[in-house]
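Survey of secondary and tertiary structure
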Amino acid sequence: KLRAEHVPLQHITGTQEFMGLEFDVSPQVLIPRQDTEVLVEEALKVCDGKRVLDMCTGSGCIIVSIAKLGTPIKTVGVDISTKALEIAVRNAEKNEVEIEFIKSDLFEKVEGNYDIIVSNPPYIPTKEIEGLMPEVKKHEPILALDGSKDGLYFYRSIVASLNNYLQRGGTILFEIGCDQGEAVSGILRHAGFIDILIKKDLNGLDRVVTARRP
């Protein structure tokens, strides 16, 4: 009956598998998606012995997976939503990893420098949200979906602050919408980042942009 009302299966069961791990989910967080595993896989290639920050952490699936499957020396998750952070803390405990979680509007309350910053920020253009499946637009948090007018607001905001928090030589990894590769690459290029690469998901669509601070 709930599925007939477009309630996502993950909200009915309360869990979702991601990177071979089990995560608690609720209507307060974006349901982890397989596409995002590409972001984690790219981060795992460079995270060993590094300090890693996950901006817009949501359920914590990205940073928990990095902490569980890699060997970073420090892991931090940041989100503006108190309810999302409660789920993220639960998921860290469930998967037996130690992560520092910070309630912050982007970098507002963040201190220190990091070798790697990962982010799956809201990136759906506002006008496109109404066209999403009912399971998404009615049951997942708009806060985690709405990327403002062109979907690029959070990429611009994060990149504008990166030099204050990302070490020289450090790596930024973004999940992107399938048509945002060139736009996000351009934002990074304009800010002086180098070694910019676009990674595709299993469907052959642009999914992750990585870049390095000189």
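A tally of helices and strands in the protein yields 7 helices and 9 strands. Along the three orthogonal principal directions, the C-alpha set of the protein runs to about 55 × 40 × 35 Å. Looking at the protein as a whole, 53% of its 214 residues are labelled buried. A fraction of 63% describes how many contacts in the protein between residues 6 or more apart in sequence connect residues 24 or more apart. When the accessible area of the protein is evaluated, it comes to approximately 10,200 Å², of which 50% is carbon and sulfur surface.

In contact at an axis separation of 10 Å, helix α6 (residues 153–161) and helix α7 (residues 181–190) are set at 20° when each is read in the N-to-C sense. Put simply, α6 runs roughly parallel to α7. The crossing of α6 and α7 is right-handed. Between α6, through Y155, R156 and V159, and α7, the contact on the second element is made entirely by V184, I187 and L188. Grouping the constituent residues of the contact of α6 with α7 by class yields 5 nonpolar, no polar and 1 charged.

Our next topic: the sheet that holds strand β3 (residues 51–55). One open sheet holds the 7 strands; their spatial order is β5-β4-β3-β6-β7-β9-β8, and the pairing between them is mixed. At either margin of the open sheet sits one strand with a lone partner, and together these are β5 (100–103) and β8 (194–200). On average, each strand axis in the sheet is inclined to that of its neighbour by 15°, with strand direction left out of account. Here strand β7 (residues 166–175) pairs with strand β9 (residues 206–212) via 5 bridges, running antiparallel. Residue pairing for β9: F174 is matched across the bridge by V209. α6 rests against β3, β6 (114–119) and β7 of the sheet, and its axis sits at about 170° to β7.

What counts as what
- Residues numbered from 1 in each chain as written.
- Predicted model: local features only at pLDDT ≥ 70, side-chain atom pairs only at ≥ 80, totals over all residues.
- Heavy atoms only, no water.
- Helix = DSSP H or I, 4+ residues; strand = E, 2+ residues; numbered from the N terminus.
- Buried < 20%, exposed > 50% of the residue type's maximum accessible area, 1.4 Å probe, protein only.
- Contact = heavy atoms within 4.5 Å.
- Areas by Shrake-Rupley, 256 points an atom, 1.4 Å probe, with all protein chains shown as cover.
- Axes fitted to C-alpha atoms, helices over the stretch in contact; angles between N-to-C directions.
- Parallel < 35°, antiparallel > 145°, perpendicular 65-115°, else oblique.
- Left-handed = near helix turned anticlockwise from the far one by under 90°.
- Nonpolar A, V, L, I, M, F, W, Y, C, P; charged D, E, K, R; others polar.
- Pairing = 2+ DSSP bridges.

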